[in-house]
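What follows is each chain in one-letter form.
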Amino acid sequence: MATQTATVATGSTSGKPQEKKSQEKIATEFQQLRNQQLNLVNNLNAIEMDLKEHKTVIDTLKVVEPSRKCFRLVGGVLVEQTVEVVLPQLELNKTQLEKLIEEGKEQITKKGIEINQYKDEHNIKMRGQEPTPPVGSEKENAADDKSTGNRNVLVGNL
C-alpha cells in the first residue's frame, strides 16, 4: 500500500498556535481512522487465510477413512483424535469463519464511510490525489499476509 500524507486545508491564513494544534489534532484523528481501517483489513486477511486452510484440510479429510487417526492443535496442545471427530468441528469452524469474514467486510465498509465523512467534514485533501467527488466507501487494499499461522490438523499413518 502506498503511503499518503494528509493535509488539512483551512480558510484562515493566520499562524496562531491554537489553530495549528487543531490541524494537528485533526490530522492525527484522521490517521487513527485510517490505521483502524488498515487493522480491520489485516485481520480480515488473516481470517481469510484461516478459512482457506480449513477448506484445504476439510477437502483432504473428506477422502480419508473416518476411523483414521489425526492430530489437531487445540490451545497450543497437539491432541490425537479420529477424522470422524475432527471433520465436523472443522466444518463448524469454517462456517463461523465465513460469518466473521462477512462481518469484517461490513466493518471495513462502515469505517471507509466514516473516513470519507471525516475527510469531507474537515476538508482533508490527500497529497498526490486529484480532487474527485465521493463515489462510495474508501477501501484500503493491504498486501496479502503470506504467513500461514499454525496448522490445526495433522493426518498420521497407522
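Our subject is the structure that appears above.
Here goes a summary of the coordinates provided.

What counts, and at which threshold
- Residues numbered from 1 in each chain as written.
- Predicted model: local features only at pLDDT ≥ 70, side-chain atom pairs only at ≥ 80, totals over all residues.
- Heavy atoms only, no water.
- Patch = residues over 30% accessible without salt bridge, like charges linked within 9 Å, V, L, I, M, F, W, Y side chains within 5 Å.
- Areas by Shrake-Rupley, 256 points an atom, 1.4 Å probe, with all protein chains shown as cover.
- Salt bridge = Lys/Arg side-chain N within 4 Å of Asp/Glu carboxyl O.
- Lys, Arg positive; Asp, Glu negative; His and termini not counted.
- Charge placed at Lys NZ, Arg CZ, Asp CG, Glu CD.
- Helix = DSSP H or I, 4+ residues; strand = E, 2+ residues; numbered from the N terminus.
- Buried < 20%, exposed > 50% of the residue type's maximum accessible area, 1.4 Å probe, protein only.
- Pairing = 2+ DSSP bridges.
- Core = buried A, V, L, I, M, F, W, Y, C linked by side-chain atoms within 4.5 Å.
- Contact = heavy atoms within 4.5 Å.

## Notes on a negative patch on the surface
Together, E98, E102, E103 and E106 make up a negatively charged patch on the protein surface. Inspection of the secondary structure puts E103 in helix α2 (residues 83-122). Note on E103: relative accessible area 46%, which makes it partly exposed.

## Quick look at the pairing of strand β2 (residues 69-74)
Sheet topology note: the β2/strand β3 (residues 77-82) ladder contains six bridges and is antiparallel. Each bridged residue has a counterpart across the sheet, and for F71 the counterpart in β3 is E80. The hairpin formed by β2 and β3 contains two residues between the paired strands, and G75 there has a positive phi angle of roughly 60 degrees.

## Some remarks on the nonpolar core
Core analysis: the largest hydrophobic core is formed by eight residues, namely I58, L61, V64, C70, V83, V86, L87 and L90. Broken down by element, this core gets its largest block of residues, four residues, from α2. Sequence-distant contacts of I58, that is, excluding residues within four places in its chain, are made with L87, L90, E91 and K94. In this structure, I26, F30, Y118 and I124 belong to the second largest nonpolar core, which totals seven residues.

## A short note on the pattern of salt bridges
Summed over the entire model, instances satisfying the criterion amount to two salt bridges. One salt bridge connects E80 with K69, and the closest N-O pair in it is separated by 3.9 Å. Of this pair, E80 sits in strand β3 while K69 is found in strand β2, placing the two residues 11 residues apart along the sequence. Under the relative-accessibility criterion, K69 is labelled partly exposed at 24%.

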